Amino acid sequence: MTRFTRLRGFPLSTWLPLGVLVVITLAVAVGPAFLPYRAEEIVGDLWEPMSWAHPLGTDQLGRDMLARVLEGGRTSLSLAAVIAGLAFLFGSGAGLTAAFLGGWVDTALSRAVDLLMAFPPLIFALLTIAVLGNSIPVLVTVLTLFEALRIFRLTRSLAMEIAVQEFVAVARLRGEGIGWILFREILPNGMVPLMAELAIRFVFGLLFLSSLSFLGLGVPPPAPDWGGMVRDNAPAVSFGLSAPLVPAAMIAIVAVCVNLVADSLLHTRGRSRSAEG
Amino acid sequence: MVLTRLIAKRLFGALVTLWFVTVLIFLAVECLPGDAAEALLGKDATPVAVENLRAELHLNDPPVERYVGWLGRVAVGDLGKSLTTNRPIAPMLATRLSNTLFLAATAAAIAVPLAIILGLVSALYRGTRLDRVISVLSLASISFPEFFVGYILLVVFALNLGWFPVLSGINPDMGLGEQLHRIVLPALTLVCLVLAYMMRMTRAAVINVLSNPYIEMAELKGCSRREIIVRHAFVNAVGPVANVVALSLAYLVVGVVVVEVVFTYPGLGQWMVDSVSKQDILVVQICGLIFGATYIGLNLTADIVAVLFNPKLRHPR
């Protein structure tokens, strides 16, 4: 069965969020080229209401909100994606290593992870930023670290669960090397839950980064990002205007959609398993 | 005795974690690029000012001595002065901390009973429309950023309906009623953030208990529904539910940071954020220590409660 026909079997609750995500990604990627205004350009009065010229109104300096939202999405989404990807690389690498080598390596890694997970990520991030400042490399490192912890735990337990199955024993008896067993036997079988976890990590990264930016400690200016835009437009609320809700809603929409897709990934696995079993 | 030993073990684990946290927080000053005092004061500080700050931060002592000294001073409440306002930290900390505890306690007082009741009800009537509502709500609560929920509540209840004030600042001169009125919106935001999670976990715990053979046995014996719930299901669900509550409270304590900034509430979280942007490292350290210790304490409580109520955990494989 090809991948495409398998995708067709997904219900509407998967298609719809997936579609929304594709539209948002495309809009963020190529949208700014089709807009008459640039993100930094001042085109009107501050906090103009929604109109044909400015579909989402204008921001606190009179810049086009739609252009800003698209530009901000580039920063927010690409950073969240980079963080999730890096965390996946390091987390699953360390998790597989721990599960496969066992012994003191496993104990040392697991204890270190337990220790770090006992500390609230936001507080750790605030401490780090107080010392090293809020540059992009610092943010990416801190967030990647905390994301990798979760992925480590999941990969490790998945690998341990799969490593005792018959087909792994068969591969061992066939005389396959460690690399083959890890990447051809264990990893493919844990791929679906890992992909779902990757999606959830992406959401967590996006929310975390946006929270930091909202606190004024995230992505440094001038690059706009969604959390920072909420902060910049926050004074509008006291005038009864809902300008900060626009970027905040974007974060919420992306997060809801990714969560829905991750959810259905996990559910489909259950269904196909029972169908095969 | 197995139980005491297990609890002692958890306690020891938490203490090790706490110690690790203090080291981490202490190292924050060590990690300042270059000389800490110069880094904090900036390039155009006079040598005298730098030397004074070095003395104030005890930077001239060797690191281990400095760590022990810092820990000792924190333990007796000698927190030094804020680097930006030059005022003593301790009294400020007391006010901020009590404000934050007031807010968090109010939110918890609403969220915990509500979540347990709703979770119980939805477990008993599972598969109905209520179930759907709960799963949608919990999806929203894990996907919506804290400030989104906060601003929606602010726009609806403070601006459009005008029921509550926009600014949540409280001070000791206000009566309790006035104070409560002012913190309704931030407390409600926190409730929204933890309610769905707590509800869902309570529901799962109760459903888990209800699926046990002894419940079926009780049913077959002819016990009434009420009797089954009260005498058989509830006692066995207390452990997991209490565990969920403690975990949610740990989450709530950290969630308070962003919510306080949204509503400009004069609490510990807002102070910490403020101090981070001003590089007021002493304040950041003590706030981080309090948040970290509370978080660890609540997680420890969750652990111990789980062990107390679930005899199976007392005999690990």
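Residues numbered from 1 in each chain as written. Chains lettered and ligands numbered in written order. Predicted model: local features only at pLDDT ≥ 70, side-chain atom pairs only at ≥ 80, totals over all residues. Heavy atoms only, no water.

1. Notes on the overall build of chain A
- Counting its secondary structure elements, chain A contains 11 helices and 0 strands.
- A buried classification covers 49% of the 277 residues belonging to chain A.
- Total accessible area on chain A is roughly 13,200 Å²; 68% of this is exposed by carbon and sulfur atoms. (Helix = DSSP H or I, 4+ residues; strand = E, 2+ residues; numbered from the N terminus. Buried < 20%, exposed > 50% of the residue type's maximum accessible area, 1.4 Å probe, protein only. Areas by Shrake-Rupley, 256 points an atom, 1.4 Å probe, with all protein chains shown as cover.)

2. Considerations on the environment of Val 23 of chain B
- Among the structural elements, Val 23 of chain B can be located in helix 1 (residues 2–30).
- Sequence separation between Val 23 of chain B and Tyr 67 of chain B is 44 residues; the distance between their C-alpha atoms is 7.7 Å.

3. Brief notes about the UniProt feature "transmembrane region" (unreviewed entry) in chain B
Residue and element names in this part refer to chain B.
- Within this numbering scheme, the UniProt entry marks residues 12–29, 101–125, 137–159, 179–198, 234–263 and 283–309 as carrying the feature "transmembrane region" (unreviewed entry).
- With 100% helix and 0% strand, residues 12–29 has its two end C-alpha atoms placed 27 Å apart.
- Between the first and last C-alpha atoms of residues 137–159 the distance is 24 Å; the span itself is 91% helix and 0% strand. (UniProt positions renumbered as here; feature names shortened; annotations may be inferred.)

4. Regarding the packing of aromatic side chains
Residue and element names in this part refer to chain A.
- Counted by the stated rule, this structure contains 7 aromatic pairs over all chains.
- Relative to Phe 124, the ring of Phe 119 lies with its centre 6.1 Å away and its plane at 85°, an arrangement referred to as edge-to-face.
- On the numbers, 5.1 Å between centres and 65° between planes, the contact of Phe 124 with Phe 146 is edge-to-face. In this pair, Phe 124 is assigned in helix 5 (residues 121–132) and Phe 146 in helix 6 (residues 136–163), connecting sequence segments 22 residues apart.
- Residue class for Phe 124 comes out buried when judged on its relative accessible area of 13%.
- Every member of this aromatic cluster is reached through a ring pair, and the members are Phe 119, Phe 124 and Phe 146. (Phe/Tyr/Trp six-rings, centres within 6.5 Å; stacked < 30°, edge-to-face > 60°.)

5. Observations regarding the nonpolar core
- Core analysis: the largest hydrophobic core is formed by 147 residues, its most contacted members being Leu 126, Leu 212, Phe 214, Leu 215 and Val 254 of chain A together with Phe 147 and Tyr 151 of chain B.
- The dominant element in this core, judged by the number of residues it contributes, is helix 12 (residues 281–309) of chain B, at 14 residues.
- Those residues in contact with Val 254 of chain A, other than ones at most four positions away along the chain, are Leu 21, Ile 24, Leu 77, Phe 202, Leu 206 and Trp 226 of chain A.
- Among the nonpolar cores identified, the runner-up in size contains 16 residues, and Ala 99, Ile 162, Ala 171 and Leu 194 of chain A belong to it. (Core = buried A, V, L, I, M, F, W, Y, C linked by side-chain atoms within 4.5 Å. Contact = heavy atoms within 4.5 Å.)

6. Quick word on the interface of chain A and chain B
- Between chain A and chain B, the residue contacts involve 35 residues of the former and 39 residues of the latter.
- Summing both partners gives a buried area of about 3,300 Å² for chain A against chain B, and 85% of it is carried by carbon and sulfur.
- Inspection of the chain A/chain B interface yields 0 salt bridges.
- Applying the counting criterion to the chain A and chain B interface returns 2 residue pairs in polar contact (both at pLDDT 80 or more).
- At the level of secondary structure, the elements contributing two or more residues to the side of chain A that touches chain B comprise helix 4 (103–117), helix 5, helix 9 (191–214) and helix 11 (245–276) of chain A. (Buried area = accessible area lost by both parts, 1.4 Å probe. Salt bridge = Lys/Arg side-chain N within 4 Å of Asp/Glu carboxyl O. Polar contact = N/O pair within 3.5 Å; in protein donor to acceptor, adjacent residues only side chain to side chain.)

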